[in-house]
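Structural description and commentary
Each chain, written out:
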Amino acid sequence: MTRDSVVCLIVFLVSQLVGITISLEELSECTSFCVCDTWYDLMRASCNGRHLYNIYTDAPSSVQALDLSDNIISSLHNFELRDLGLTNLKYLNLSTNAISEINLSAFVGLRDLKVLDLSKNRLESISDDLFEENKNLRILKLSRNNFKSYVPKLRVPSLMELSLDSCQINHLPSDTFNGLTHIRSLDLSNNLMIQMSYDVVHTLHFLKKLSLEGNPWSCNEMMKNLQLQLKHRNVDFDEVCGKKNRIQKFEKIILLPVLKTHNYYHHRTNVENGVSVEKNKSLTKHDKSDTLNNKNLSMCEQTPNQTIINSSNIYLPYQILLAGYMLGIGSGMFICYVWLSGKCSINWRCRRRQQPDDVSLLDWYYQNYMDNGTDRNVIECDLHSPPPRYSEVMLQPGLYRHPSISPNLNNNGTGRS
């Protein structure tokens, strides 16, 4: 080994030791909000789950991977990351926050940024030129935001993987991805799209994987043409049209109760008619096959059958309540009729005793008080007083007079005989 080679080896070892010493010193200077370590040969600061409401964590400027996930950060302002000295970032995780606003120059200065995760936030729109200065950005995750019809038309030629799943997207214009010329993986699953034109992915010449599952696709000519073109380009995707024996979600909910109810009534009818068990099993299998063959029936055709079967017991409590109500009213009316009948009969008797129909009031008075010579203090029947007790009548019979039923009256109505 020559002298020059020995010198070069010593210099290399010293530089490595110095680099390790510097990195250890920087890791020891990590803030109390974060945990610093080495991750895939990158200096990482993990500040997740610290209830942070901004990105000010006092992390060292030499950090290459910063994890700020699971916090309550709501916005990213202009030049924040650059002003904090985090220009060496290659990996930035801002997922599971409350970010609803990102200013246009929020990521300016991060030229080495390769992976950015903004999933599980509250973004409804972002600027098309937001990542214009991030020339090395490769992976961008925007999953589980609320873009709906405002999908950003990003212009990031270096981007290779884009995730837009579960963003409530219902429509994609044909020029949405024209600025992503080198995209290879595109995730559009679990959205609200009914159809998508092939022009949307026509300019993505390097596309290798397209995720489309989880959307309520309408298998029309546009979707069939999209699938045909993707197959022709050997793009890996989940086929959404043309599947055999494919049952929609709403069909599963409706078919199962109808199938069970139909088999129950069929089994009961067979037992009552004396059909054997083996024949019943064969008929049940045949009914299941018929039901599965008719699985493409619409919801409107299947719902009435289920409603007829289940509506027999709906109004039973109301019928019982109505019957009890009518019975109570009838009983009350009958009791009132009996009570009023007895009351009227008592009053009528008292009036008959008090004044006969064929004599006047004056004649009746003279006949009972003057002619008979009785005292004027004799007690007569009163309509509003109860009858006397039997003991009082027997002890003092002179106080209670019964008027003559057939008095002798003359024709001139004077009351004198």
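None of these values were measured; they are calculated from a predicted model.

Definitions and limits used
- Residues numbered from 1 in each chain as written.
- Predicted model: local features only at pLDDT ≥ 70, side-chain atom pairs only at ≥ 80, totals over all residues.
- Heavy atoms only, no water.
- Helix = DSSP H or I, 4+ residues; strand = E, 2+ residues; numbered from the N terminus.
- Buried < 20%, exposed > 50% of the residue type's maximum accessible area, 1.4 Å probe, protein only.
- Contact = heavy atoms within 4.5 Å.
- Disulfide = S-S within 2.5 Å.
- Core = buried A, V, L, I, M, F, W, Y, C linked by side-chain atoms within 4.5 Å.
- UniProt positions renumbered as here; feature names shortened; annotations may be inferred.
- Pairing = 2+ DSSP bridges.
- Phe/Tyr/Trp six-rings, centres within 6.5 Å; stacked < 30°, edge-to-face > 60°.

Quick look at the overall build of the protein
- Across its full length, the protein carries 9 helices and 12 strands.
- A buried classification covers 31% of the 417 residues belonging to the protein.
- Across the protein, the fraction of contacts at a sequence separation of at least 24, relative to all contacts at a separation of at least 6, is 49%.

Things to note about the state of the cysteines
- Tallied over the full model, the rule gives 3 disulfides.
- Note on cysteine connectivity: C30 is disulfide-linked to C36, with sulfurs 1.9 Å apart. Around the S-S axis, the bridge from C30 to C36 shows a dihedral of about 70° and counts as right-handed.
- You can call C30 buried: its relative accessible area is 17%.
- Its relative accessible area of 17% is what places C36 among the buried residues.
- Linked covalently through their sulfurs, C219 and C241 form a disulfide whose S-S length is 2.2 Å. The chirality of the disulfide connecting C219 with C241 is left-handed, given an S-S dihedral of about -95°. Placement of the pair is C219 in the loop between β11 (209-211) and α3 (221-232) and C241 in the loop between β12 (236-237) and α4 (249-272), with a sequence separation of 22 residues.

Thoughts on the nonpolar core
- The biggest cluster of nonpolar side chains holds 65 residues, and the ones touching the most others in it are F107, F131, L162, F177, L188, V201 and L210.
- Element by element, the count of residues in this core is highest for α3, at 3 residues.

Structural notes on the UniProt feature "transmembrane region" (unreviewed entry) in the protein
- Mapped onto this structure's residue numbering, the UniProt feature "transmembrane region" (unreviewed entry) falls at residues 315-340.
- Secondary structure across residues 315-340 comprises 96% helix and 0% strand; the distance between its end C-alpha atoms is 38 Å.

Comments concerning the sheet that holds strand β2 (residues 42-46)
- Within the open sheet, the 10 strands sit side by side as β1-β2-β3-β5-β7-β8-β9-β10-β11-β12. Their pairing is mixed. The open sheet has two edge strands with one neighbour each: β1 (35-39) and β12.

Observations concerning the packing of aromatic side chains
- Evaluation of the coordinates by the stated rule reveals 3 aromatic pairs.
- An angle of 55° between the planes, with centres 4.9 Å apart, marks the rings of W39 and Y91 as tilted. A residue pair is termed long-range when its members are at least 10 positions apart, and W39 in strand β1 and Y91 in strand β5 (residues 91-93) qualify at 52 residues.
- Joined through ring pairs, the aromatic side chains of W39, Y40 and Y91 make up one cluster.

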